[in-house]
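Residues per chain, in single letters:
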Amino acid sequence: SEPNVMERTFHALDGRVWTALTDVDQMREWYFDLKEFKPQVGFEFEFIVEHEGNSYHHLCRVTDVVPEKKIAYTWCYKGEPGDSVVTFELFPDGHKTRLKLTHTGIETFPKTPAYARKNFETGWTAIIGSELKQFIESSKAKP
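Described in the following lines is the structure provided in the data block.

Parameters and conventions
Residues numbered from 1 in each chain as written. Predicted model: local features only at pLDDT ≥ 70, side-chain atom pairs only at ≥ 80, totals over all residues. Heavy atoms only, no water. Helix = DSSP H or I, 4+ residues; strand = E, 2+ residues; numbered from the N terminus. Buried < 20%, exposed > 50% of the residue type's maximum accessible area, 1.4 Å probe, protein only. Pairing = 2+ DSSP bridges. Axes fitted to C-alpha atoms, helices over the stretch in contact; angles between N-to-C directions. Contact = heavy atoms within 4.5 Å. Core = buried A, V, L, I, M, F, W, Y, C linked by side-chain atoms within 4.5 Å.

**Notes on unusual backbone geometry**
Here is step 1: Positive phi outside glycine occurs at Glu52, with the angle close to 50°.
Here is step 2: Position of Glu52 relative to the elements: it lies in the loop between strand 2 (44-51) and strand 3 (54-66).
Here is step 3: The backbone phi angle of Glu68 is positive, close to 65°, even though this residue is not glycine.
Here is step 4: Topologically, Glu68 is positioned in the loop between strand 3 and strand 4 (70-77).
Here is step 5: Assessed through its relative accessible area of 36%, Glu68 is described here as partly exposed.

**Some words on the sheet that holds strand 3**
Here is step 1: Taken together, the six strands give an open sheet; going across it, the order is 1-6-5-4-3-2, and neighbouring strands pair in antiparallel fashion. Strands with a single pairing partner mark the edges of an open sheet, and in this sheet they are strand 1 (4-10) and strand 2. Along the sheet, successive strands turn relative to each other by an average axial angle of 25°, direction set aside.
Here is step 2: Across eight bridges, strand 2 lies against strand 3 in antiparallel orientation. Across the sheet, residue Glu50 finds its bridge partner in strand 3, namely Ser55.
Here is step 3: Across the face of the sheet, helix 1 (residues 14-22) comes into contact with strand 1, strand 3, strand 4, strand 5 (84-93) and strand 6 (96-104) while running at roughly 160° to strand 5.

**Some points on the nonpolar core**
Here is step 1: Counting 39 residues, the largest nonpolar core has Tyr31, Tyr73, Trp75, Phe88, Leu99, Trp124 and Ile128 as the members making the most contacts within it.
Here is step 2: If you tally residues by element for this core, the top one is helix 3 (residues 117-136), at seven residues.

What follows is the structure, encoded as structure tokens:
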């Protein structure tokens, strides 16, 4: 099955984008309410998302880290089958940075509307294209 791929360009240097992607205080501003996060292979983290009366308990483990270039982690749901991986890659472009997000394995999740591919597309579009963009291009993001 095709991975879900999205690219966005931010008016910020790659160091600033990387910090937004990996510093837990900044992540809480645009991403999810994480208790802890470290860009280290093997680091495990979790968070709960409430959506339309349902609670989704996400379990993640960092699988790949190339500082200021790439971070990947597993993305699974507690008590549900399925195994996916989310990868963020950064490509500097002058004073801007292009971010490429790849989410593979969505097809391994339960075949229910909640885990439909379009929901992930909509979700990542909001998270990366709106929340992260606004955060990075605001004064709150620090390199």
